[in-house]
Amino acid sequence: MRTIEEAHQLSLLDSPLIGSVKNERSIMVYNFFALTKEKRLDPIRYQDGKVTIEVKGTDAGIATIYDKEFLIYIASLMVDKMNRGEPVSQVFSFSGHDFFRVCRVSAGGKSYDRISGALERLQGTQIKTNIETGGEGTDEWFSWLKSAKAEYRKNTKGERVLKRITVELCDWLYRAILKDNRMLTYDPAYFDLPPLEKRLYEMARAHCGNQPGFKINLEKLRLRVGAETDLRQFRYKLAKIAEKKSPLPEYGFKLINDPNSEGGTKGQRTQLKKIMVVFWRIDRWREYDVSRFETLED
């Protein structure tokens, strides 16, 4: 039975999430996170002539693709409040239980350790980018979270029980959600995907939009998703994923101009940098000639 204090604390929470899971388009299109659960200390750097991104971590490492799920969850809470016409600040409080529910994580000892590590990395990771949000940019480093804390209580066995998590979102992402209105809904199955498939899904979701599909150069895709392997290994991994019956929720993809797939001649060598990856919406692609899909240039 909850105490009066616990009931009061619950009434102050921004959770549970009622609406769909959503995320801001810029952090779907570009990679800001380590694609591994292992600690990454090397900086992430991206530059394509228009967009520049640099990400640095602390001794705890750079925030990972799994830590990103906290930002997705917080962004979804914020959109929920906006849709209800409620004022939104940069501070959010939510229960660990609701985060676990939405992100399909089994609650337990290690899952609570995951919260502590994720909050440390999200608050410690430093980002610098020329991507503007809400009509404003910044020439300084920022962290995903300005502050973060997890509050516990002790149960009758003396064990720590998580009461709530409170975070303050950075200005950059807060402006993007509040002013730019470029939020996209995720399929819940996203949370079950391995790291590379998570990024491939985000690319497909961000760029298909209302069109049935698009094409992107293999090397450009490798840079966009943040893969650390060389181009040959990246091609091999994509080919293996594409062989699966349902490689991504809602979307399919394949490599073209490849000697081992459609569009190539058996035995003919195709330069890796000329290989294209075609993404399509599963519910619409049969209506179109995939060879006519537009090539992603931006």
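Refer to the preceding data block for the structure.
One structure accompanies this document, and this report is about it.

Parameters at a glance
Residues numbered from 1 in each chain as written. Predicted model: local features only at pLDDT ≥ 70, side-chain atom pairs only at ≥ 80, totals over all residues. Heavy atoms only, no water. Helix = DSSP H or I, 4+ residues; strand = E, 2+ residues; numbered from the N terminus. Polar contact = N/O pair within 3.5 Å; in protein donor to acceptor, adjacent residues only side chain to side chain. Contact = heavy atoms within 4.5 Å. Pairing = 2+ DSSP bridges. Axes fitted to C-alpha atoms, helices over the stretch in contact; angles between N-to-C directions.

## Section: unusual backbone geometry
Item 1. Of note, the amide linkage connecting serine 15 to proline 16 takes the cis form, showing an omega dihedral of 10°.
Item 2. The residue proline 16 is located in the loop between helix 1 (4–11) and strand 1 (22–24) in this model.
Item 3. The phi torsion at arginine 104 lies on the positive side, around 60°, for a residue other than glycine.
Item 4. For arginine 104, the position within the fold is in the loop between helix 4 (96–102) and helix 5 (109–124).

## A few points about the side chain of aspartate 98
Item 1. With respect to the helices and strands, the residue aspartate 98 is situated in helix 4.
Item 2. At 2.8 Å, the side chain of aspartate 98 and the backbone nitrogen of leucine 17 are in polar contact.
Item 3. In contact with aspartate 98, not counting residues within four places along its chain, are Ser15, Pro16, Leu17 and Tyr73.

## A closer look at the sheet that holds strand 9 (residues 213–217)
Item 1. Spatial ordering of the open sheet is given by 9-11-10, a layout of three strands whose pairing is antiparallel. Edge positions in the sheet fall to strand 9 and strand 10 (251–256), since each has one partner strand and no second. For this sheet the average axis-to-axis angle between neighbouring strands, irrespective of direction, equals 20°.
Item 2. One ladder, built from six bridges, connects strand 10 with strand 11 (residues 276–281); its direction is antiparallel. Across the sheet, the residue bridging to lysine 254 is valine 278, located in strand 11.
Item 3. Of the strands in this sheet, strand 9, strand 10 and strand 11 touch helix 7 (residues 195–208), which is tilted by about 125° from strand 9.
Item 4. The strands touched by helix 8 (residues 218–225) within the sheet are strand 9 and strand 11, with strand 9 carrying the most contacts at an inclination of about 95°.

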